[in-house]
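Letter by letter, the chains look like this.
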Amino acid sequence: MKKKIVLGVTGSIAAYKAGDIIRRFQEQNCDVTVVMTKEATEFVTPLTLATLSGKDVYGDMFCASNWNMGHIELSKADVVVVAPATANVIGKMAHGLADDLLTTLLVTTRAPIFLAPAMNDDMYANAIVQENCAKLKKHGVRFIEPTKGKLACGVVGVGHLADVQDIVKTVLKKIS
Ligand SMILES: Cc1cc2nc3c(=O)[nH]c(=O)nc-3n(C[C@H](O)[C@H](O)[C@H](O)COP(=O)(O)O)c2cc1C
């Protein structure tokens, strides 16, 4: 049976890689449902990810036509992967906040959660961001660590989204 993956996409410049992540999971016989934050839609369109996933993309918490696919239904996935994960979503999660569909689903789900952070190196090195990551790890959230590379701002530093194949491999190893 196909593994059910919910892919959370957040407002990082690396959001454009979500399409590739969807495709790589599909190649491994996974069923991918995308949940986007409002900010993610500034970087990649829901239409692009709906086309690649072959399914509706979710984002609006209060959309009447999503009545049967709200946070509770979405939370029943085999795994929830947030890639890329912003400092903002990591911070909200670390504090149990649930103010949009993605963060509400993250609070609801009993499935394993993987976060693949992507951000500027100074953001990633920020003491509070690091504290939030450490807190989430203590609570069983798994991290696919960002790598050192050329960041969108032009500097070379740690904050680059992990390699797409590594993300897919790490997640599948846990749920296979
Ligand atoms: C061009 C641009 C690129 C950004 N890239 C990132 C990023 O890679 N990582 C990050 O944590 N925030 C990034 N941000 C800031 C987030 O978009 C911002 O914190 C937003 O509120 C995140 O919303 P979300 O976490 O709900 O998706 C970027 C903002 C802009 C304008």
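Report on the accompanying structure.

Thresholds applied
- Residues numbered from 1 in each chain as written.
- Predicted model: local features only at pLDDT ≥ 70, side-chain atom pairs only at ≥ 80, totals over all residues.
- Near = placed C-beta within 6 Å.
- Helix = DSSP H or I, 4+ residues; strand = E, 2+ residues; numbered from the N terminus.
- Nonpolar A, V, L, I, M, F, W, Y, C, P; charged D, E, K, R; others polar.
- Buried ≥ 20, exposed ≤ 12 C-beta atoms within 10 Å, placed from the backbone.
- Pairing = 2+ DSSP bridges.
- Axes fitted to C-alpha atoms, helices over the stretch in contact; angles between N-to-C directions.
- Parallel < 35°, antiparallel > 145°, perpendicular 65-115°, else oblique.
- Contact = placed C-beta atoms within 7 Å.
- Left-handed = near helix turned anticlockwise from the far one by under 90°.
- Core = buried A, V, L, I, M, F, W, Y, C linked by C-beta atoms within 7 Å.
- Expected span 1.5 Å × (residues − 1).
- Arc of directions from axis to C-beta.

## Observations concerning the site of the ligand
Thinking step 1. The local shell around the ligand holds 15 residues, among which G11, S12, T86, N88 and M119 are the closest.
Thinking step 2. Here the shell around the ligand gets three residues from one element, more than from any other, and that element is helix α4 (residues 87–94).
Thinking step 3. Taken together, the residues that form the shell around the ligand break down as eight nonpolar, six polar and one charged.

## Observations regarding the pairing of strand β4 (residues 113–117)
Thinking step 1. Counting buried residues in β4 gives five out of five residues, a clear majority hidden from the surface.
Thinking step 2. Residues I113, L115 and P117 line one face of β4 and the alternating positions F114 and A116 line the opposite face, and both faces are buried.
Thinking step 3. By the bridge criterion, four bridges tie strand β3 (residues 79–85) to β4 in an arrangement that is parallel. Opposite V81, over in β4, you have F114 as the bridge partner.
Thinking step 4. Of the strand pairs in this sheet, β4 and strand β5 (residues 142–143) are connected by two bridges, and their pairing is parallel.

## Digging into the packing of helix α1 (residues 18–27) against helix α2 (residues 46–53)
Thinking step 1. Two numbers describe how α1 lies on α2: the axes approach to 9 Å, and their chain directions differ by 10°. Classed by the angle they form, the pair α1 and α2 counts as roughly parallel. Residues A18, G19, I22 and R23 of α1 lie in contact with α2, whose contacting residues are T48, L49, L52 and S53.
Thinking step 2. Here the contact of α1 with α2 is composed, by residue class, of four nonpolar, three polar and one charged.

## Some words on the sheet that holds strand β2 (residues 30–36)
By definition, the strands of a sheet pair up through backbone hydrogen bonds, in either a parallel or an antiparallel sense.
Thinking step 1. Spatially, five strands are ordered β2-β1-β3-β4-β5 in an open sheet, and the strand pairing comes out parallel. Every other strand in the sheet has two partners, leaving β2 and β5 as the edge strands with one partner each.
Thinking step 2. Of the strands in this sheet, β1 (3–9) and β2 are in contact with α2, which crosses β2 at around 170°.
Thinking step 3. Contacts from helix α8 (residues 164–175) reach β1, β3 and β4 within the one sheet, and its direction differs from that of β3 by about 160°.

## Overview of the environment of Q28
Thinking step 1. Position of Q28 relative to the elements: it lies in the loop between α1 and β2.
Thinking step 2. Judged by local crowding, Q28 falls into the partly exposed class, with 14 C-beta atoms found within 10 Å.
Thinking step 3. Discounting residues that sit within four places of it in the chain, Q28 has contacts with V168 and L172.

## Focus: the packing of α4 against helix α7 (residues 127–138)
Thinking step 1. Packing of α4 against α7 brings their axes to within 9 Å, and their N-to-C directions diverge by 50°. One element, α4, and the other, α7, form an angle in the oblique class. As for how α4 packs across α7, the hand of that crossing is left-handed. Note on element contacts: α7 touches α4 through V129, N132, C133, K135 and L136, opposite A87, I90, G91, M93 and A94.
Thinking step 2. For the contact of α4 with α7, the residue count by class is seven nonpolar, two polar and one charged.

## Some thoughts on the nonpolar core
Thinking step 1. Counting 55 residues, the largest nonpolar core has L7, V80 and A116 as its most contacted members.
Thinking step 2. Looking at this core element by element, the count peaks at six residues for β3.
Thinking step 3. When residues no more than four places from it in sequence are discounted, the contact partners of A116 are V82, A83, P84, A85, I144, L161, A162 and I167.

## Side note on α8
Thinking step 1. Along its 12 residues, α8 runs 17 Å from first to last C-alpha, staying within 8% of the 16 Å computed at 1.5 Å per residue.
Thinking step 2. Buried within α8 we find V164, I167, V168 and V171. What you see down the axis of α8 is that its buried residues fit within an arc of 90°, all on one side. Away from its buried face by more than 90 degrees, α8 exposes Q165 and K173.
Thinking step 3. Buried residues along α8 sit in contact with α1, β3 and β4.

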